[in-house]
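Listed here are the chains, written in short residue letters.
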Amino acid sequence: MNTSTRDDAAAISARGLYKAFGEKTVLDGIDLTVQQGTILALLGPNGAGKTTAVHLLTTYLRPDAGEVRVAGWDAAKHPQAVRRAIGVTGQFSAVDGYLTGRENLMLMADLHLLPKRVGRAKAAELLERFELGEAGDKPASTYSGGMKRKLDLAMTLVGDPKVIFLDEPTTGLDPRSRRTMWDIIRGLVASGTTLLLTTQYLEEADQLADRVAVLDGGRIVAEGTPAELKARIPGGHIELSFADRARLEAAASLLDPTGRDDDGLTLQLPGDARVSTLWPLLRRLNDASIEVEALTVHTPDLDDVFFALTGRKGA
Ligand SMILES: Nc1ncnc2c1ncn2[C@@H]1O[C@H](COP(=O)(O)OP(=O)(O)OP(=O)(O)O)[C@@H](O)[C@H]1O
Ligand SMILES: [Mg+2]
């Protein structure tokens, strides 16, 4: 039974969202709240139901049960008002490859019924802001994946939405394009926009999100700030690497490892980066004349959280 109170002041709120396709339950009663001017990352593996959640929150699909409020509107009663308030960048590009970047943006401006002059100015401003100025008059089919993704988001911004949904905005982008996209997203939030983004990348959630909701098996299995989620995983671990099997064996019988990798010639031990932890460990190895190639201290990250919660490795 859901006892949380409804937060009508939030930019996005969902209570008890349920959706099944035929026999298959995809969302099994999820609650989400995104406060105005913040970013929520909805994190989950392939097939977790992220896109379905976005479709329900943006009125593209109707839930079988549950309530959605976006920008103050009840999505079931006022779907048009919700659609007017939001921008959505779907998982798969809405860019028309036959049109140029500028034409794609102008088309959006027409859909928003902006006067031609305003639309032209808006298109030019967005091309500039997304560093697409030079490519603006080339057909979008000639754009790289990163350029298409940027154009996609630029098209979402034509209508100046206050609440934006981004479904996997950086999947498939190279690290540099990903950082550019992150900067753009941070800029949007800094100017007061509310964002819900889905991602399979833990680092992305860690970098961008005020709060993270982990979706798995149709349920939110954890929700909190990145720091809160990381705090749920006890301690880190120390990894020792050895030059050969003999040293690995010797160390394994001396210490009490919690994990070992015979091929990688490594042992894992519980512990952290404190000198009071590391010093006695190294002294024991030294006293037993066991040479260690390398020592690394692993501090828990969202990857560990994800693994602990879902039993799966993140991307
Ligand atoms: N229209 C549909 N009809 C039937 N099943 C569907 C439909 N849409 C989604 N599903 C199923 O719902 C589940 C969740 O799909 P969804 O696209 O929401 O996952 P996702 O988390 O977005 O995954 P990905 O990371 O791959 O994008 C999948 O098992 C999918 O096959
Ligand atoms: Mg998806």
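For every chain, the first residue of the written sequence is number 1, and numbering continues from 1 onward in sequence order. Here the convention is simple: chains get letters from A, ligands get numbers from 1, in the order in which they are written. Per-residue local features are limited, in this predicted model, to residues with pLDDT of at least 70; the limit for side-chain atom pairs, both in listing and counting, is 80 or more; totals at the level of whole chains, interfaces and linings are taken over all residues. To get the side-chain values, take all heavy atoms of the structure and skip hydrogens and water.

Q: It is not clear to me how a nonpolar patch on the surface should be interpreted in this structure. Could you clarify?
A: Side chains of Leu 282, Leu 295 and Val 297 sit close together on the surface and give an oily, nonpolar patch of about 190 Å² of accessible area. Looking at the secondary structure, you find Leu 295 in strand E14 (residues 294–298). Each patch groups residues whose relative accessible area exceeds 30% and which form no salt bridge, using 9 Å between like charges and 5 Å between nonpolar side chains of Val, Leu, Ile, Met, Phe, Trp and Tyr. Accessible surface is estimated by sampling points in the Shrake-Rupley manner with a 1.4 Å probe; for residues, cover comes only from the protein chains shown. Counted as salt bridges are all cases of a side-chain nitrogen of Lys or Arg within 4 Å of a carboxyl oxygen of Asp or Glu. Numbering of helices and strands runs from the N terminus; a helix is a DSSP stretch of H or I covering at least four residues, while a strand is a stretch of E covering at least two.

Q: What am I meant to see in the sheet that holds strand E11 (residues 237–241) here?
A: Each strand in a sheet pairs with its neighbour through backbone hydrogen bonds, running either in the same direction (parallel) or in the opposite one (antiparallel). The strand order E12-E13-E11-E14 describes an open sheet built from 4 strands, whose pairing is antiparallel. Two strands in the sheet have a free side with no partner beyond their single neighbour: strand E12 (259–261) and E14. Adjacent strand axes in the sheet meet at a mean angle of 20° when their direction is disregarded. Strands pair, by our definition, only if DSSP identifies at least two bridges between them. Two strands pair when backbone bridges link them, and E11 and strand E13 (residues 266–270) are joined in this way by 5 bridges, in the antiparallel orientation. Residue pairing for E13: Ser 241 is matched across the bridge by Thr 266. Across the face of the sheet, helix H10 (residues 275–287) comes into contact with E11, E13 and E14 while running at roughly 30° to E11. An axis is simply a line fitted to the C-alpha atoms; with a helix, the fit covers only the stretch in contact. Between two such axes, the angle follows the N-to-C directions and lies from 0 to 180 degrees. When checking whether two residues touch, look at their non-hydrogen atoms; a contact exists if any pair is within 4.5 Å.

Q: How should the side chain of Asp 167 be read in this particular structure?
A: Here Asp 167 lies in strand E7 (residues 163–167). To sort residues, take the accessible area from a 1.4 Å probe on protein chains only and compare it with the maximum for the residue type: under 20% means buried, over 50% means exposed, and anything in between is partly exposed. Positive charges come from Lys and Arg alone, negative charges from Asp and Glu alone, with His and the N- and C-terminal ends not counted. Buried charge Asp 167 goes without a salt bridge, the closest partner of opposite sign being Lys 50 at 6.5 Å. Side-chain polar atoms of Asp 167 contact the side chain of Thr 51, separated by 2.7 Å. Definition of a polar contact: a pair of N or O atoms within 3.5 Å, with one able to donate and the other able to accept a hydrogen when the atoms are protein atoms, and with sequence-neighbouring residues admitted only if both atoms are side-chain atoms. Polar contacts involving the side chain of Asp 167 include one to the side chain of Thr 198, which spans 2.5 Å. Those residues in contact with Asp 167, other than ones at most four positions away along the chain, are Thr 51, Thr 89, Gly 90, Gln 91, Arg 149 and Thr 198.

Q: Honestly, unusual backbone geometry in this entry has me stumped. Any pointers?
A: We note that Thr 59 has phi near 70°; this positive angle belongs to a residue other than glycine. Its place among the elements puts Thr 59 in the loop between helix H1 (50–57) and strand E4 (65–70). By relative accessible area, which is 12% here, Thr 59 ends up buried. In this structure, Glu 131 is a non-glycine residue whose phi angle is positive, near 55°. Within the fold, Glu 131 resides in the loop between helix H4 (116–129) and helix H5 (145–157). The class of Glu 131 is exposed, set by a relative accessible area of 60%.

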